[in-house]
Amino acid sequence: MTSSTVAQRYAQALYLEAAQTASVIDDVELIRETLDSSAELEQFLKSPIVPRPKKSAVLESLFAEHIHSITLQFLQMLVQRERESFLGSILARFLVLSDEAQGITSVRVLVHSELSMNGQMRLQNALSTRLNRNVRLEVIVDPGLMGGIVLKIGDTVYDGSVRHQLSLLQARLHAQA
């Protein structure tokens, strides 16, 4: 079974179980932020050397006070079934399912330098109008971009970066030569 299949199945199971409990979405976001900010925790969970009871104890100590019991039971179940290495993918897929149910489209935006709040709001409004859906922006600053903007909406990438435009120009010049 591929990791995306595993992530999809477990995310759907959590989503179906937690449909009645709004706090589970907040729990998932908290756990995902914790994993994103701690490479050590992610490595710890993925390590085949660390015994499962120790992984369970660490998850319990980190999250028991902060998340709903359904979410904690889900984490413990992942450890028991040896699926904790997929936790990041499962959480990401869960958030996609939640957004889809709420009519929200997540858009990843790569920019050269930080966008102002006004710029973010204008971009979000323009995308909402264009896509005819509510949009959640995830703005990522990439100084290597040189300029322009790259949008990732689902599996589709719209590359309006200066680097991409220059490569297209270079390809046209080589084709004419």
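Basis of the calculations
Residues numbered from 1 in each chain as written. Predicted model: local features only at pLDDT ≥ 70, side-chain atom pairs only at ≥ 80, totals over all residues. Heavy atoms only, no water. 1 Å grid on protein atoms, 1.4 Å probe; cavity = no way out; pocket = protein on both sides within 12 Å on 5 of 7 lines; lining within 4 Å. Points joined across faces, edges and corners; volume = space filled by probe spheres on them. Helix = DSSP H or I, 4+ residues; strand = E, 2+ residues; numbered from the N terminus. Salt bridge = Lys/Arg side-chain N within 4 Å of Asp/Glu carboxyl O. Buried < 20%, exposed > 50% of the residue type's maximum accessible area, 1.4 Å probe, protein only.

**Points about the layout of surface pockets**
Considered as a void within the structure, the largest pocket measures approximately 900 Å³ in volume. Forming the walls of the largest pocket are 25 residues, and the residues nearest its centre are Arg32, Val96, Asp99, Ser106 and Glu138. Among the elements of the structure, α2 (23-37), α6 (87-102), β1 (104-111), β2 (134-141) and β3 (148-153) are those that each provide at least two residues to the lining of the largest pocket. No other element matches the 7 residues that α6 contributes to the lining of the largest pocket.

**Some remarks on the pattern of salt bridges**
Within this structure, the stated rule accounts for 6 salt bridges. Between arginine 52 and glutamate 82 there is a salt bridge whose closest N-O contact spans 3.6 Å. You can see arginine 52 sitting in helix α4 (residues 52-63) and its partner glutamate 82 sitting in the loop between α5 (69-80) and α6, a full 30 residues away along the chain. Overall, the relative accessible area of 28% leaves arginine 52 in the partly exposed class. Here glutamate 82 falls in the partly exposed class, since its relative accessible area comes to 49%. Salt-bridge contacts for glutamate 84 lead to lysine 55; the nearest nitrogen and oxygen are separated by 2.8 Å. You can see glutamate 84 sitting in the loop between α5 and α6 and its partner lysine 55 sitting in helix α4, a full 29 residues away along the chain. Overlapping salt bridges, with partners in common, bring together Arg52, Lys55, Glu82 and Glu84 in one network.

Treat this as a map of the structure, not an account of what it does.
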